Amino acid sequence: MVVYDRSYEMVGVIDNIVGPFVHLSRPTGLTWQSRWVSVRVGTEYEHRQLRAIGALHRLRHKGLCS
């Protein structure tokens, strides 16, 4: 599920929920933990933003790994 974290002001995907905390990640490999009360469901714009971040990350790393 794509969400917006108001504490970090970032869009991410929920990986896990443990008690009052959610574990979030981005396509770039960044992971963080936040309280569930500071997270809200992402808008359509934020869904597109997350897809664009993933596409840019893949493009930048294309051909760098063998």
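Everything here concerns the structure above.
Residues numbered from 1 in each chain as written. Predicted model: local features only at pLDDT ≥ 70, side-chain atom pairs only at ≥ 80, totals over all residues. Heavy atoms only, no water.

**Looking at the packing of aromatic side chains**
Rules: Whether two aromatic rings pair depends on their centres lying within 6.5 Å, for rings of Phe, Tyr and Trp, where Trp uses its six-membered ring; planes under 30 degrees apart make the pair stacked, over 60 edge-to-face, and the rest tilted. Helix and strand assignments follow DSSP, with helices taken as H or I runs no shorter than four residues and strands as E runs no shorter than two, numbered in order from the N terminus. Summary of the burial criterion: residues with accessible area below 20% of their type's maximum are buried, those above 50% are exposed, and those between are partly exposed, where the area comes from a 1.4 Å probe applied to protein chains only.
As enumerated under the stated definition, the model contains one aromatic pair in all. When the ring of Tyr 8 is compared with that of Trp 32, the centres are 6.2 Å apart and the planes differ by 55°; the resulting orientation is tilted. Here the residue Tyr 8 occupies a position in the loop between strand S1 (2–5) and strand S2 (10–18), and Trp 32 occupies one in strand S4 (residues 31–35), the gap between them amounting to 24 residues. By relative accessible area, which is 10% here, Trp 32 ends up buried.

**Quick word on the pairing of strand S3 (residues 21–25)**
Our working definition: Strand pairing requires that DSSP identify at least two bridges connecting the strands.
Bridge count between S2 and S3: five bridges; the pairing is antiparallel. Across the sheet, Ile 17 pairs through a bridge with Val 22, a residue of S3. Counting the residues in the hairpin turn of S2 and S3 gives two residues, including Gly 19, whose phi is positive at 60°. As defined by bridge partners, S3 adjoins S4 across five bridges and the pair is classed as antiparallel. Its bridge partner being in S4, His 23 is matched across the sheet by Gln 33. The antiparallel hairpin formed by S3 and S4 contains five residues in its connecting segment, where Gly 29 sits at a positive phi of about 100°.

**Details of the environment of Leu 24**
Defined as follows: Pairs of residues are marked as contacts when any of their non-hydrogen atoms sit within 4.5 Å.
Mapped onto the elements, Leu 24 comes out in strand S3. Using a relative accessible area of 1% as the deciding quantity, one classes Leu 24 as buried. As for Leu 24 and Met 10, which are separated by 14 residues in sequence, their C-alpha atoms are 9.9 Å apart. Leave out the neighbours within four places in its chain, and Leu 24 touches Val 3, Asp 5, Val 13, Ile 14, Asp 15, Leu 30, Thr 31, Trp 32, Ser 34 and Val 39.

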